[in-house]
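Here's the letter readout for the chains.
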Amino acid sequence: MKHVLVIGAGIVGLSTAHHLLKGGARVTLVDRDPEGDKASFGNAGGIAVTEVVPASVPGLLWKVPRWLLDPMGPLAIRAAHAPRLIPWLMRFSRAGRPTEVRRIAQALAALNTRVYTDLLPLLGEHGLLDELQQLGALTVYEQAAAFDGDAAQWALKRAHGVEVLALSGDEARELEPALSPAITRGVFTPQWSHVRDPKILVDKLRQSLVGRGLCIRVGQACDIGSGLGAGALSVKLSDGQQLRADTVVVAAGAWSGQLARCVGDKVLLESERGYNTTFAAPGVALSREVIFAERHFVATPLSCGLRVGGAAEFGGLNAVANFKRSHALARLAAHYLPGLRTECGTCWAGHRPATPDSLPVIGPSPRNPAVIYAFGHGHLGLTQGATTGRLVSDMALDKPPQIDLAPYAISRFN
Ligand SMILES: Cc1cc2nc3c(=O)[nH]c(=O)nc-3n(C[C@H](O)[C@H](O)[C@H](O)COP(=O)(O)OP(=O)(O)OC[C@H]3O[C@@H](n4cnc5c(N)ncnc54)[C@H](O)[C@@H]3O)c2cc1C
């Protein structure tokens, strides 16, 4: 029986473990903090299958200086980290060329159109279907000009099969009466869904997988090496222990770049830190996820409360979180949701694993094909976790891939 070692107990690692166990492999999952508070546990909960447009689009770079000058704007770069970010930013800029945007959108759509095919059976097999709320999402605009300015992005989504229903402000408020009269335009995307609570989802999935034979080892992987014979890969933990396996899957979220470098592979991966606040007693009700397009934040009605979040902060993995960002987003939300009680919320920050081209890294290492990468999902890791798990498991178990994996290869960073 093939032994696969998966590094990372986020949604990507857990989904990979699910598919591997189903395929008959022996699976060990290593995480320094398997129950901890990582991106998969505190995110906005959106199954955002409609999001096929990359972060870098034509014209975006002109908006960046204004965002950076606003201390609480949607984008921040910590000064100390800026020099290290230059190669990533140059690649990000290239990803915004029209031909690149079309290519990337195609590759994101190839993953996103598979999402429910992979996610629904996974949830069903673990008794988690009730965690999914298939109610669509509502994107709202204050200014008609901003709505018009996004026309090309909505057209690109439509071209990839995304259902898009343009609404007036009043129609948007019919769907979500808590929205302020300041909203003049809306777009309803029925294919979007959200989970009741991402933390509950990953906790229940992890527990259910353990019940099916998943072995969890607490430890920090610090090196991946190869030797001879079966079980030839060895993963060194920071306490000096060595774990052996036939295949190693690197699903360590924003920390995966360090592990890829151990194998000898180059990747441009940054922490794009996001912030949110969860209000257990918000005083207003939403029935579905609402995306506030101009201000780049979202509000999701979760079972633990209304979660308001967003922001993209580039400061590296070790910078101290600046929770003023969570508070600023909460104040913005109160502008659009009159009556929102912002006095007592729980703040959180997490590291999105961000590549400059908005595409995840899925596929084998060119240096050592027994190492398979599964990271870099940026804003879409919860959405694409089940599909990534399926693709990686097929690879590890020598089954033919469900889609062309070339766009996600790590070799694109060479
Ligand atoms: C504010 C915010 C909102 C978001 N909203 C959404 C959303 O609505 N929808 C969506 O699809 N996505 C969303 N995302 C993105 C999504 O959360 C991430 O893309 C996804 O969780 C990444 O999952 P992962 O399993 O790759 O990484 P993680 O969840 O970060 O898990 C990685 C795991 O690896 C472990 N690890 C790391 N290094 C090592 C090591 N060396 N040894 C052992 N263990 C290690 C960590 O302890 C961690 O448990 C959001 C993210 C943020 C921050």
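In this text, all values refer to a predicted model and were calculated from it rather than measured experimentally.

Participant: Help me understand the site of the ligand, please; the structure alone is not making it clear to me.
Facilitator: In the region of the ligand, 34 residues are neighbours, and D31, S40, G46, G378 and T383 sit closest. At 3.1 Å from an oxygen atom of the ligand is found a main-chain nitrogen or oxygen belonging to G381. Contact with the protein chains removes 97% of the 1000 Å² of surface that the ligand exposes when unbound. At the level of elements, helix 1 (11–22), strand 2 (26–31), helix 2 (39–42), strand 19 (346–354) and helix 13 (381–396) are the ones that each hand at least two residues to the shell around the ligand. The element best represented in the shell around the ligand is strand 19, accounting for four residues. For the shell around the ligand, the per-class residue count stands at 15 nonpolar, 15 polar and four charged. Of the residues that make up the shell around the ligand, three or more belong to each of domain 1 (3–41 + 200–266 + 359–413) and domain 2 (51–194 + 269–354).

Participant: Is there a simple way to think about the sheet that holds strand 10 (residues 215–218) in this case?
Facilitator: Paired through their backbone hydrogen bonds, the strands of a sheet run either parallel or antiparallel. Taking strand neighbours across the sheet as the criterion, the six strands line up as 10-2-1-14-21-20 in an open arrangement whose pairing is mixed. The sheet is open, and its two borders are formed by strand 10 and strand 20 (361–364), each paired with just one other strand. Direction aside, neighbouring strands of the sheet carry axes that sit 20 degrees apart on average. In this structure, strand 2 lies alongside strand 10, joined through four bridges in parallel fashion. Bridge pairing in strand 10 links L29 to I216.

Participant: Would you mind showing me how to read the packing of helix 1 against helix 10 (residues 198–211) here?
Facilitator: For any two helices packed against each other, one specifies the inter-axial angle together with the distance between the axes. Put simply, helix 1 and helix 10 touch, their axes get as near as 10 Å, and they point 30 degrees apart. By the angle between their directions, the pair helix 1 and helix 10 is classed as roughly parallel. Regarding helix 1 and helix 10, the two cross each other, and that crossing is left-handed. For the pair formed by helix 1 and helix 10, the contact residues are I11, L14, A17, H18 and L21 on the first element and L201, V202, L205, R206 and L209 on the second.

Participant: Can you walk me through the side chain of Q384 in this structure?
Facilitator: Of note, Q384 is situated in helix 13. Other than its neighbours up to four places away in sequence, Q384 contacts L108, L111, N112, P360 and H377.

Participant: Which parts of the structure should I look at to understand unusual backbone geometry?
Facilitator: It is generally the case that most residues other than glycine have a negative phi and that most peptide bonds are trans. At S358, a position not held by glycine, the phi torsion is positive, near 65 degrees. With relative accessibility at 22%, the residue S358 sits in the partly exposed group. Residue D398 is not a glycine yet carries a positive backbone phi of 60 degrees. Looking at the element boundaries, D398 is found in the segment after helix 13.

Participant: Is there a simple way to think about the nonpolar core in this case?
Facilitator: In summary, soluble globular proteins display a tendency toward joint burial of nonpolar side chains. Among the nonpolar cores identified, the biggest contains 57 residues, and V6, L20, V27, I47, V249, I362 and Y408 are the most heavily contacted of them. Of all the secondary-structure elements, those providing two or more residues to this core are strand 1 (3–7), helix 1, strand 2, helix 5 (98–112), helix 6 (115–125), helix 10, strand 21 (371–375) and helix 13. When residues are assigned to domains, this core turns out to be shared by domain 1 (3–41 + 200–266 + 359–413) and domain 2 (51–194 + 269–354), each giving three or more. Apart from residues no more than four positions distant in its own chain, I47 is found in contact with V115, Y116, L119, L132, W192, S193, H194, V195, L382 and T383. In terms of nonpolar packing, the next biggest core, distinct from the first, is built from 40 residues, V250, A252, A312 and A354 among them.

Participant: I tried to follow the sheet that holds strand 9 (residues 193–195) on my own but got confused; where do I start?
Facilitator: Strand order in the open sheet made by the three strands is 3-9-5, with antiparallel pairing throughout. Strands with a single pairing partner mark the edges of an open sheet, and in this sheet they are strand 3 (46–47) and strand 5 (132–133). With two bridges connecting them, strand 3 and strand 9 associate as antiparallel partners. By the bridge assignment for strand 9, I47 is matched with S193.

Participant: Is there a simple way to explain the packing of helix 6 against helix 13 in this structure?
Facilitator: Where helix 6 meets helix 13, the closest approach of the two axes is 8 Å, and the angle between their N-to-C directions is 90 degrees. Compared by their axis directions, helix 6 and helix 13 come out roughly perpendicular. Residue-level contacts link V115, D118, L119 and L122 of helix 6 to T383, A386, T387 and R390 of helix 13. Residues that form the contact of helix 6 with helix 13 fall into these classes: four nonpolar, two polar and two charged.

What counts, and at which threshold
Residues numbered from 1 in each chain as written. Predicted model: local features only at pLDDT ≥ 70, side-chain atom pairs only at ≥ 80, totals over all residues. Heavy atoms only, no water. Near = heavy atom within 4 Å. Polar contact = N/O pair within 3.5 Å; in protein donor to acceptor, adjacent residues only side chain to side chain. Areas by Shrake-Rupley, 256 points an atom, 1.4 Å probe, with all protein chains shown as cover. Helix = DSSP H or I, 4+ residues; strand = E, 2+ residues; numbered from the N terminus. Nonpolar A, V, L, I, M, F, W, Y, C, P; charged D, E, K, R; others polar. Domains from an automatic or database assignment. Pairing = 2+ DSSP bridges. Axes fitted to C-alpha atoms, helices over the stretch in contact; angles between N-to-C directions. Parallel < 35°, antiparallel > 145°, perpendicular 65-115°, else oblique. Left-handed = near helix turned anticlockwise from the far one by under 90°. Contact = heavy atoms within 4.5 Å. Buried < 20%, exposed > 50% of the residue type's maximum accessible area, 1.4 Å probe, protein only. Core = buried A, V, L, I, M, F, W, Y, C linked by side-chain atoms within 4.5 Å.

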